[in-house]
Amino acid sequence: ATVSLDFEDGEGEALIPADELKGLIPAIRKAKRIRLGFQNGGEKLDSKSLILDTELIRYKWQSQDGEYPDFEKVIPSEFDATATFDTKEASKALGSLVAIWYDDSLKKDYRPITLTMGEGKVTLEAKEDRGKAEIEADTSGEVKTAVSGRNLAQALKACGGMVELKASSPSSPMVFFVDGYRLVVMPMMTEDT
């Protein structure tokens, strides 16, 4: 996922291991204001550090050597279908579908959900007619794809409120857009999609 923020001090980039940032999330939730910046130098003269200041504490991470993979290549640039809908309504529907799915060897969070966009709705379906939920949406075009229930739940929670979902084919990533935030969810291959 990526998010665009207005940054007055120019541009900066630092490559930080995800494991080092996990503990930061609770601190950010408690902070009223955050100042994000980059600092040149450090252990190596040509390196950068990521600086995050809150009212209580200052965090500093040294950038790693290397480059982040070019993830832009997996994000489709053209889409066949678009749907705008309420993530809270979709989360409730998804939770109900996953809860009634009791006789499968997969952990309930990883079960595939077939997602269909079109005809003014987003439809979520459990396999073999085990359950179906329809969410009212503003749509254009039609696409049917499958996604891990867990990944879809995490995406809906991260986006919150109204979201725009775009997809191009059953085998292409789905992209969620909300207020400068872009989140990519990879599909699952199933017999139905």
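Up top is the structure.
In this report, the structure presented in the accompanying data block is examined. (Residues numbered from 1 in each chain as written. Predicted model: local features only at pLDDT ≥ 70, side-chain atom pairs only at ≥ 80, totals over all residues. Heavy atoms only, no water.)

What about the packing of helix α3 (residues 87–99) against helix α4 (residues 149–159)?
Inference 1: At their nearest, the axes of α3 and α4 sit 9 Å apart, and the two run at 155° to each other. Considering their axes alone, α3 and α4 lie roughly antiparallel with respect to each other. The element α3 and its partner α4 pack so that their crossing is left-handed. On α4, the residues touching T87, A90, S91 and L94 of α3 are G149, L152, A153, L156 and C159.
Inference 2: Residue composition of the contact of α3 with α4, by class: six nonpolar, three polar and no charged. (Axes fitted to C-alpha atoms, helices over the stretch in contact; angles between N-to-C directions. Helix = DSSP H or I, 4+ residues; strand = E, 2+ residues; numbered from the N terminus. Parallel < 35°, antiparallel > 145°, perpendicular 65-115°, else oblique. Left-handed = near helix turned anticlockwise from the far one by under 90°. Contact = heavy atoms within 4.5 Å. Nonpolar A, V, L, I, M, F, W, Y, C, P; charged D, E, K, R; others polar.)

Observations concerning the sheet that holds strand β4 (residues 58–62)
Inference 1: Reading across from one edge, β2-β3-β4 is the order of the three strands in this open sheet, with antiparallel pairing throughout. If you trace the sheet from one side to the other, it starts and ends with β2 (35–40) and β4, each paired once. Each adjacent strand pair in this sheet contributes to an overall mean axis angle of 20°, direction not counted.
Inference 2: Of the strand pairs in this sheet, strand β3 (residues 48–53) and β4 are connected by five bridges, and their pairing is antiparallel. Paired with I51 across the strands is K60, a residue of β4. (Pairing = 2+ DSSP bridges.)

Concerning the pairing of strand β11 (residues 162–167)
Inference 1: Across the two faces of β11 the burial differs, with V163, L165 and A167 buried and M162, E164 and K166 not buried at all.
Inference 2: Where strand β5 (residues 81–86) lies against β11, six bridges are found, and the strand directions are antiparallel. Paired with T82 across the strands is K166, a residue of β11.
Inference 3: Counting the residues that bridge the hairpin from β11 to strand β12 (residues 174–178) gives six residues. (Buried < 20%, exposed > 50% of the residue type's maximum accessible area, 1.4 Å probe, protein only.)

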